[in-house]
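# Observations on the three-dimensional arrangement
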Amino acid sequence: MDITNPKIFISYSWTTDDHQQWVLDLAIRLSEDGVKVTLDKWDLKEGHDKYAFMEKMVSSEEIDNVLIICDRGYKPKADNRSGGVGDETQIITPELYSDIQQGKFIPIVSERDSSGENFIPAYIKSRIYIDLSNEDTFEDNYEQLLRTLYKAPKHKKPALGKVPSYLFEQEINHYKTQNILKQMRSALDKNPNRLRVMSIQFQEAFLEELASLHFNNVDFHELDDKIVERIENSKPLKTDFIEFLEILIEADKINSDNLKDFFEKSFTYTKPLTSRTTYEIEFDHVKFLIHELILYSFLLLNKYKYYNIMADLLNAEFDLETVTYEQEIDLSIFRFNLRSLDYRMEKLNLRTVCLQADLLVERAGKYKKELIDIDILLHYFIRSRSSLYGWFPVTYQHKEFRSKISLLRNLKSEKHAESTKSLFNRNSVEELKDFLMNFGDMEKHINYFRKIPHPREHINPDEIATKY
């Protein structure tokens, strides 16, 4: 690498012999470090015109920097335009103001007064200085001076990167859902009976906004990038849906039929809305969001003990126009496997077990534990039924060691066991005990299920309904 030796001129006051020696020592050290120093003691000879010399040093394009040594003698002479320093100041001042880059003239603080104030004259007071007045910080600040002269900053500005494409993605417009939520909040206090109609309006608006997540004409190799961006863009919709559920729960206006109808309609958006050629993975971001909304629906229903609505949804047969199966379609159809995220893991060589799980947990925030718990519970609930697909709880790998699921742990209570037995598709507490006792035998033929926490890690079946 070619390094250019900087050329500098030192402007100072002959205040005392000690100060002159300090300036000389600084000039010598700079020279030893490769800086070409012009100093009056070295370069101003008998017979030279000192004003012409100073003017040349200050205005010459060959001089990269002018160091202005600020001590108790320099400041008053510069401020009063007296003596040689005053003459030099009059030469420097116009050059200083015409210094567009603002880097040629560098104040150097060589001493301070008894109160710690520096001696920088008024005409360069606003310039950033280098402090060489303190022995404790001298070496660090001298290095800073060298780096400034050599234009080799310690903290280098990074190279200009690529503009993030998501900045120019069209923002998800959730104005309609936000507006309806405001009306619902108002109705919650003033007229709760209006919430039933408004909840339908919210769902219709939500589905309109869900449609805006679709995109066209994307190269297959860029699809995973686009899908991850749209998953990120869907956060406002997820937040709106959670608030929507919380309002209905607070008003005790939530019901399984409305939720079932909403999820049936949302499934439509996992397919193209028009007749055109598509990739199978093109709608994975919509599938991700719907899967996430199912989790949050059950999370909140469980939190507020709406076990009857949970059981209704678990037992429901979903009527999906875009799917034709001889077997009944149950909730497990909303547990989508997202091949685009698996492809992304391979493409980017990501060291993770499941990117889908990582994104779900990352977006969960304060709901993290509850989200993981309900994901595992849905696995248990749906395994207790004759299911089309089953519900593999992708987030289980993020479960904290020895963390207990409250719904299972509380089965020791007879009242709790009675109220939750329908979630496991059982008619009596004894049937519930038997189901949880033999749960592992149902899954011996499926290796990956063995890693999922067994219900017995949370509750000993023999202890179910032993407390009143």
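See the structure above.
Residues numbered from 1 in each chain as written. Predicted model: local features only at pLDDT ≥ 70, side-chain atom pairs only at ≥ 80, totals over all residues. Heavy atoms only, no water.

Per the counting criterion, the structure on display carries 20 aromatic pairs. With 6.1 Å between their ring centres and 5° between their planes, Phe138 and Tyr142 make a pair best called stacked. Placement of both Phe138 and Tyr142 in helix H6 (residues 138-149) is noted, with a separation of 4 residues, approximately one turn of the helix. The exposure class of Tyr142 is buried, given its relative accessible area of 2%. Summarising the aromatic geometry, the rings of Phe435 and Phe439 are spaced 5.5 Å apart at their centres and angled 85° between planes, so their arrangement reads as edge-to-face. The pair formed by Phe435 and Phe439 is uniform in burial state, with each residue classed as buried. (Phe/Tyr/Trp six-rings, centres within 6.5 Å; stacked < 30°, edge-to-face > 60°. Helix = DSSP H or I, 4+ residues; strand = E, 2+ residues; numbered from the N terminus. Buried < 20%, exposed > 50% of the residue type's maximum accessible area, 1.4 Å probe, protein only.)

Secondary-structure assignment places Thr395 in the loop between helix H16 (368-383) and helix H17 (406-409). If near-sequence neighbours (up to four positions away) are discounted, Thr395 is found in contact with Ala357, Leu360, Val361, Leu371, Ile372 and Asp375. (Contact = heavy atoms within 4.5 Å.)

Further remarks concern the nonpolar core. Ranked by size, the top nonpolar core spans 100 residues in total, and within it Met184, Phe241, Phe334 and Phe424 carry the most contacts. Per-element tally for this core: the top contributor is helix H12 (residues 284-303), with 12 residues. Excluding its chain neighbours within four sequence positions, the residues that come into contact with Phe334 are Phe263, Glu264, Phe267, Ile290, His291, Ile294, Phe318, Leu320 and Trp391. (Core = buried A, V, L, I, M, F, W, Y, C linked by side-chain atoms within 4.5 Å.)

With that settled, the discussion passes to the packing of helix H8 (residues 195-211) against helix H11 (residues 256-267). Orientation of H8 relative to H11, taken along the N-to-C sense of each, is 15°, at an axis distance of 11 Å. Put simply, H8 runs roughly parallel to H11. Where H8 crosses over H11, the two elements pack in a sense that is right-handed. Two secondary-structure elements touch here, H8 through Ser199, Gln203, Phe206, Leu207 and Leu210 and H11 through Asn258, Phe262, Lys265 and Ser266. Here the residues of the contact of H8 with H11 are counted per class, giving 4 nonpolar, 4 polar and 1 charged. (Axes fitted to C-alpha atoms, helices over the stretch in contact; angles between N-to-C directions. Parallel < 35°, antiparallel > 145°, perpendicular 65-115°, else oblique. Left-handed = near helix turned anticlockwise from the far one by under 90°. Nonpolar A, V, L, I, M, F, W, Y, C, P; charged D, E, K, R; others polar.)

What follows is about the pattern of salt bridges. By the definition in use, this model includes 21 salt bridges. As a salt-bridge pair, Lys260 and Glu264 come within 2.6 Å of each other at their nearest N and O atoms. One end of the pair, Lys260, and the other, Glu264, are both in helix H11, 4 residues apart, so they sit about a helical turn from each other. Overall, Lys260 belongs to the partly exposed group, its relative accessible area being 21%. Judged by relative accessible area, Glu264 falls into the buried class, the value being 13%. Measuring nitrogen to oxygen at the nearest pair gives 3.7 Å for the salt bridge that ties Lys433 to Glu430. Of this pair, Lys433 and Glu430 both sit in helix H19 (residues 429-437), separated by 3 residues, roughly a single helical turn. (Salt bridge = Lys/Arg side-chain N within 4 Å of Asp/Glu carboxyl O.)

What follows deals with a negative patch on the surface. On the surface, Glu317, Asp319, Glu321 and Glu328 cluster together to form a negatively charged patch. Checked against the element boundaries, Glu317 lands in the loop between helix H13 (307-315) and helix H14 (339-347). The exposure class of Glu317 is partly exposed, given its relative accessible area of 46%. (Patch = residues over 30% accessible without salt bridge, like charges linked within 9 Å, V, L, I, M, F, W, Y side chains within 5 Å. Areas by Shrake-Rupley, 256 points an atom, 1.4 Å probe, with all protein chains shown as cover. Lys, Arg positive; Asp, Glu negative; His and termini not counted. Charge placed at Lys NZ, Arg CZ, Asp CG, Glu CD.)

A word on the pairing of strand S4 (residues 105-109). Where a strand is regular, its side chains alternate between the two sheet faces. In terms of burial, S4 is a largely internal element, 5 of the 5 residues being buried. Neither face of S4 is left uncovered, since the one carrying Phe105, Pro107 and Val109 and the one carrying Ile106 and Ile108 both have all their residues buried. Summarising the sheet, strand S3 (residues 65-70) and S4 pair through 5 bridges and their orientation is parallel. Among the inter-strand pairings, Val66 is bridged to a residue of S4, identified as Phe105. Judged from the 2 bridges that link them, S4 and strand S5 (residues 130-131) form a sheet pairing that is parallel. Across the sheet, the residue bridging to Ile108 is Ile130, located in S5. (Pairing = 2+ DSSP bridges.)

A few words on helix H3 (residues 50-59). When H3 is considered as a whole, its buried residues turn out to be Phe53, Met54, Met57 and Val58. Projection of H3 onto a plane perpendicular to its axis shows the buried side chains occupying an angular sector of 125°, all on one side. (Arc of directions from axis to C-beta.)

Burial within strand S1 (residues 7-11) is extensive, with 4 of its 5 residues counted as buried. Where S1 and strand S2 (residues 36-38) come together, 3 bridges link them in parallel fashion. If you follow Phe9 over to S2, its bridge partner there is Thr38. Crossover S1 to S2 through helix H1 (residues 17-32) is right-handed. Across 4 bridges, the pairing between S1 and S3 is parallel. When the sheet's bridge partners are listed, Ile10 is paired in S3 with Leu67. (Right-handed = clockwise from strand over helix to strand, strands pointing away.)

Below, the discussion takes up the sheet that holds S5. What the 5 strands build is an open sheet, ordered S2-S1-S3-S4-S5; its pairing is parallel. The open sheet terminates on both sides in strands that have one partner only, identified here as S2 and S5. Packed onto the sheet, H1 meets S1, S2, S3 and S4 and runs at close to 150° relative to S3.

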